[in-house]
Amino acid sequence: MQIKNPATLSIIEDVATDDAASVANKYARARKAQPAWANTPLERRVAALRAFRDAIAKERDTLALTLTREMGKPVAQAKNELNALAGRLDFFLENTAKVLTPEVVLEERDGASAKLVESIVFEPLGVVANISAWNYPWFVGSNVFVPALLTGNTVLYKPSEHATLTGLAIERLLHQSGVPSDAFIAVVGAGDVGAALLAQPVNGVFFTGSYRTGKKIAEQVASRFVRVGLELGGKDPTYVCEDVDVRKAAESLADGAMYNTGQSCCSVERIYVHRAVASQFLKEFVDVVKSFTLGDPEDEKTYIGPLAREEQLAELELQVNDALQKGAKLLVGGKRIARPGYYFEPTVLTDVSDDMRLMREESFGPIIGIGVVDSDQEAIRRMNDTEYGLTAGVYSRDERRAEAILRELDAGSVYWNCCDRVSPRLPWTGRKHSGLGSTLSTHGIRSFVQPKAWHRRAP
Ligand code: NAD
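Residues numbered from 1 in each chain as written. Predicted model: local features only at pLDDT ≥ 70, side-chain atom pairs only at ≥ 80, totals over all residues. Heavy atoms only, no water.

A. Expanded view of the overall build of the protein chain. If you tally the helices and strands in the protein chain, you get 15 helices and 22 strands. Dimensions of the protein chain, computed from C-alpha atoms along their principal axes, come out at roughly 75 × 55 × 40 Å. The buried share among the 459 residues of the protein chain stands at 56%. In the protein chain, the proportion of contacts linking residues at least 24 apart, taken out of those at least 6 apart, comes to 72%. For the protein chain, the computed accessible surface area is about 18800 Å², with 51% contributed by carbon and sulfur atoms. (Helix = DSSP H or I, 4+ residues; strand = E, 2+ residues; numbered from the N terminus. Buried < 20%, exposed > 50% of the residue type's maximum accessible area, 1.4 Å probe, protein only. Contact = heavy atoms within 4.5 Å. Areas by Shrake-Rupley, 256 points an atom, 1.4 Å probe, with all protein chains shown as cover.)

B. Layout of the packing of aromatic side chains. Counted according to the given criterion, the structure contains eleven aromatic pairs. When the centroid spacing of 5.2 Å and the interplanar angle of 70° are considered together, the rings of F145 and F184 count as edge-to-face. With a gap of 39 residues between them, F145 in helix α5 (residues 137–150) and F184 in strand β7 (residues 184–186) connect regions that are remote in the sequence. For the pair F145 and F184, a shared accessibility class is recorded, and that class is buried. With centroids separated by 4.2 Å and ring planes inclined at 25°, the aromatic side chains of F292 and Y303 adopt a geometry described as stacked. Pair noted here: F292 is in the loop between α10 (278–291) and α11 (311–325) and Y303 is in the loop between α10 and α11, with a separation of eleven residues, a long-range link. Its relative accessible area of 17% is what places F292 among the buried residues. If you follow K73 out to its NZ or CZ, it ends over the ring of Y136, 3.7 Å from the centre. A cation over a ring is seen here: R446 above F122, with NZ or CZ 4.6 Å from the ring centre. (Phe/Tyr/Trp six-rings, centres within 6.5 Å; stacked < 30°, edge-to-face > 60°. Lys NZ or Arg CZ within 6 Å of the ring centre and 35° of its normal.)

C. Region of interest: the sheet that holds strand β20 (residues 435–436). Strands sit in the order β7-β6-β5-β8-β9-β20 across an open sheet of six strands; the sheet is mixed. The open sheet has two free edges, formed respectively by β7 and β20, since each of these has just one partner strand. Sheet topology note: the strand β6 (residues 154–158)/β7 ladder contains three bridges and is parallel. The residue bridging V155 from the neighbouring strand is F184, located in β7. Seen against the sheet, α5 touches β5 (127–131), β6, β7, β8 (204–208) and β9 (227–231) and runs at an angle of roughly 160° to β6. The strands that helix α7 (residues 191–198) touches are β5, β6 and β8; relative to β5, the one it contacts most, it runs at about 165°. (Pairing = 2+ DSSP bridges. Axes fitted to C-alpha atoms, helices over the stretch in contact; angles between N-to-C directions.)

D. Inspection of the pattern of salt bridges at higher detail. For the structure on display, the rule yields 31 salt bridges. One salt bridge in this structure joins K79 and E300, with 2.4 Å as the shortest N-O distance. Here the residue K79 occupies a position in helix α4 (residues 75–100), and E300 occupies one in the loop between α10 and α11, the gap between them amounting to 221 residues. Linking D287 and R247 is a salt bridge whose minimum nitrogen-to-oxygen distance equals 2.8 Å. In this pair, D287 is assigned in helix α10 and R247 in helix α9 (residues 246–258), connecting sequence segments 40 residues apart. Among the residues examined, D287 registers a relative accessible area of 38% and is labelled partly exposed. For R247, a relative accessible area of 30% puts it in the partly exposed group. By sharing partners, the salt bridges in this structure join R247, E251, E284 and D287 into a single network. (Salt bridge = Lys/Arg side-chain N within 4 Å of Asp/Glu carboxyl O.)

Written out as structure tokens, the structure is:
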């Protein structure tokens, strides 16, 4: 498989991919290694993952550059991802013991001795498949494989074909840090290799990617009754009330829409602004977007780089053209940039209606539709008018008003005066087409264990 730099279109590396036979072989190794890894004392598993965290910090600049070259993330943002990763890993390192502690739920005593004890013990699932996306490969990968390894599972990890070199670096660093070579194995290739991995009798499937692939995967494994976690796309809306500091809201939301060149699952994908401040908000928003530096992602000053995938250029064009045909107004951007690489202009459209592709389908690029609303009720109705349910937010000075709105929103995460934000302490969970299950938080650790009910009666 050829790894292509999306900024220059040059081939960076040729990597060998797996086939059905090598995937089966990797599965057999991971299966054989699992009991010993599960029986390794938790402190040793924690020590290995702590060494992994430290190794990443040491190699940060090289790892950031690898990511930038293979998927186009501006290098300053690649470093941000790696810096923030330490906090996520610390959360898992500090909280796994608590999650794994058996719970005694009943203890009937006869004097000093226990007559009947009921307890819940948490056991690993076994061998888990982790099929991952390219947009934040360090974050979305480690949301799965770190708690999976800490809780005693072995992992077959298929990085996205657009983040393979990062995936191989993850494998190398885990092995160097003391995770046995058969406890974590990278599986290399595109969707066909992912499908071959799912043909193996794994005990859990954890997928991050698009709704389309997620649905296919859920259908493929449904009859096997294995644990499935799906972290899928979004069409995340935000409502800007008329009482805000307009410039501050515009700065925050333009960043939420365009950071990582708009390729975040929780990017702001739709904005509804109250009519009373709409024209001022549009002016400020466009002003902020025009200030973004677009260019070579290897330049520290670059804020917008190329898209990771060529196909997305056509998708963005389709969304812009469809919106214009249906009456939207283009305020800035709107087309590909005539230079090598998959560059698309940061684009802002207004006078949008909710039947436009721009307002219904995930854009995954530096493009946003901004609609105008007359009331909180209208904003709530339009925000919820989507098949997705990952995040949603509101900007207002009034906390009670914001709370009343957030309670009505059908999304896994809600934000007041912030956006495009993920916390290791909170569950990351999508509703409707945005997914199934949770990662992060203690819920996200528990996703990788199964409870066993112990009934113990004294003879
Ligand atoms: P994608 O669905 O194209 O691919 C995801 C992974 O699935 C890749 O590794 C790919 O090789 C593999 N794959 C493709 N077909 C397969 C098949 N038939 N069987 C098994 N595996 C298969 O998604 P992508 O382009 O890599 O990622 C972008 C999407 O991911 C966006 O929709 C984004 O919103 C979503 N995402 C969600 C989250 C979240 O936490 N909710 C995080 C990051 C990305």
